[in-house]
Amino acid sequence: MAEDKDSTSVPLSQSVGEEEEGPDPEDQLKSASTSPDSSTRRACCFVLQSWVSKKFMTGCIVLFPAAVTFFVTWWFVQFVDGFFSPLYEQLGIEIFGLGFVTSLLFVFLVGVFVSSWLGASVIWLGEWFIKRMPFVRHIYSASKQISSAISPDQNTTAFKEVAIIRHPRVGEYAFGFITSSVVLQRDDGDEELCSVFVPTNHLYIGDIYLVSSNEIIRPNLSIREGIEIIVSGGMTMPQRIMPISSIERVARPGERIPLTRLV
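This text gives an overview of the structure that appears in the document.

About the thresholds
- Going along each chain's sequence as written, the residues are numbered from 1 onward.
- With the structure being a predicted model, the display of local features is reserved for residues of pLDDT at least 70 and the display and counting of side-chain atom pairs for 80 or more, all residues being used for whole-chain, interface and lining totals.
- Calculated side-chain values reflect all of the structure's heavy atoms, with hydrogen atoms and water omitted.
- We count a stretch as a helix when DSSP gives it H or I for four or more residues in a row; a strand needs E for two or more, and each element gets its number in order from the N terminus.
- When a residue's accessible area, from a 1.4 Å probe over protein chains only, is under 20% of the maximum for its type it is buried; when over 50% it is exposed; and in between it is partly exposed.
- The contact definition used throughout considers only heavy atoms, calling two residues in contact when any of these lie within 4.5 Å.
- Per-residue accessibility takes into account occlusion by the displayed protein chains alone, with areas from the Shrake-Rupley method and a 1.4 Å probe.
- Helix span, as expected, comes to 1.5 Å for every residue beyond the first.
- Think of it as the arc spanned by the lines of direction from the helix axis to the C-beta atoms.
- Strand pairing is defined by DSSP finding a minimum of two bridges between the two strands.
- Inter-axis angles, ranging from 0 to 180 degrees, are taken between N-to-C directions of lines fitted to C-alpha atoms, where helices are fitted over the stretch in contact.
- Only buried residues count toward a nonpolar core, which is a set of Ala, Val, Leu, Ile, Met, Phe, Trp, Tyr and Cys residues joined through side-chain atoms within 4.5 Å.
- The rule is short: rings of Phe, Tyr and Trp, with Trp giving its six-membered ring, pair when the centres are within 6.5 Å, and they are stacked under 30 degrees, edge-to-face over 60, tilted in between.

Moving on: the overall build of the protein chain. Looking only at helices and strands, one finds 10 helices and 4 strands in the protein chain. Listed N to C, the secondary structure of the protein chain is α-α-α-α-α-α-α-α-β-β-β-β-α-α in terms of helices and strands. In the protein chain, which comprises 263 residues, the proportion classed as buried is 20%. For the protein chain, long-range pairs separated by at least 24 residues make up 33% of all intrachain contacts whose partners lie at least 6 apart in sequence. Counting every atom, the protein chain has about 20500 Å² of accessible surface; 63% of that belongs to carbon and sulfur.

The next thing to look at is helix α6 (residues 98–114). Count 3.6 residues to each turn of an α-helix, and residues three or four apart come out pointing the same way. Counted at 1.5 Å a residue, the expected span for α6 with its 17 residues is 24 Å, and the 24 Å between its end C-alpha atoms agrees. Buried within α6 we find Gly99, Phe100, Thr102 and Ser103. Seen along its axis, α6 keeps its buried residues to an arc of 160°; they face one direction.

With antiparallel pairing, the 4 strands of this open sheet are ordered in space as β1-β2-β3-β4. Two strands lie at the open edges of the sheet, namely β1 (161–166) and β4 (206–212), each paired on one side alone. The average angle at which neighbouring strand axes cross in this sheet is 45°, direction not considered. The pairing of β1 with strand β2 (residues 173–186) spans 6 bridges and is classified as antiparallel.

The next subject is the environment of Phe84. Along the polypeptide, Phe84 turns up in the loop between α4 (36–81) and α5 (85–90). The spacing of Phe84 and Phe100 is 16 residues in sequence and 7.5 Å in space, taken between C-alpha atoms. Ignoring anything within four residues of it in the chain, the contact list for Phe84 reads Gly99, Thr102, Ser103 and Phe106.

The biggest cluster of nonpolar side chains holds 10 residues, and these are Phe159, Val162, Ile164, Phe175, Phe177, Phe197, Leu221, Ile223, Ile227 and Ile229. Elements represented by at least two residues in this core include exactly β1, β2 and α9 (223–231). Tallying contributions element by element places α9 first for this core, with 3 residues.

On to the pairing of β2. Sheet topology places β2 next to strand β3 (residues 189–199); 9 bridges connect them, and they run antiparallel. Note on β3: the bridge partner recorded for Leu184 is Glu191. The antiparallel pairing of β2 with β3 creates a hairpin that spans 2 residues between the two strands.

Position of Gly176 among the secondary structure elements: in strand β2. Here Gly176 falls in the buried class, since its relative accessible area comes to 1%. Each C-alpha atom, one on Gly176 and one on Pro199, is 6.7 Å from the other, the two residues being 23 residues apart in sequence. Excluding residues within four positions of it along the chain, Gly176 makes contact with Glu161, Val162, Ala163, Val196, Phe197, Val198 and Pro199.

What follows is about the packing of aromatic side chains. For the structure on display, the rule yields 7 aromatic pairs. Pairing Phe76 with Phe100 gives two aromatic rings, centres 6.3 Å apart and planes at 80°, and the pair type is edge-to-face. Of this pair, Phe76 sits in helix α4 while Phe100 sits in helix α6, placing them 24 residues apart in sequence. With centroids separated by 5.2 Å and ring planes inclined at 80°, the aromatic side chains of Phe79 and Phe83 adopt a geometry described as edge-to-face. Look at Phe79 and you get partly exposed, because its relative accessible area is 46%.

Interpretation in functional terms is not warranted from these geometric data alone.
This is how it looks when you write it as structure tokens:
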């Protein structure tokens, strides 16, 4: 019996070693996950995900300006159409766009009427009442300044030209609009100063600086181009801006160079 026990008994260290030498399920999973096929699959999934996300962002970038333009145009059409469409609905006429066309025709007729002597007198009388209202007169004055700046018939109250001044320190420049000029009388001689309106947050909110006429850079930009640059936050900035004096200097004798934006 003792011999049988000795023959069947196995040392503890040997049995533990045999158990360690056996296959481990976790090791099999790790080896399977690190196989060449799984690595290739993960790389393909990463490339596909990167390609899809890139193309999706490209589509968003392309469609975003078109969508904004569409919604803004649609809102503008509905807003203008809303002036006369209720009148047509009361008459039983429901045609989309008829109010919009009527509004455009009404604006055209107002422009024709204002161009006459009677219309100018009516507008002057209306402005006389508005300028005596405490809060409304400030809003009307700011709005009129903006409309006068882009009006085809610019008068003395409109922006005269676009200006670039050194502000707020040397080496930095700011866009502005020359609104008027004044002569500063000093002991050593008179000096011409230009009133430059520099918009800050909005086009109708800004600071006014009196800058020497010799220190103002007058670029080859129109009033509308300057307004577009400020309203867009500088996104419509041309790639190259040249002062008017430089353009006139590089022109050949007898040759006229149009003062248009250089892109």
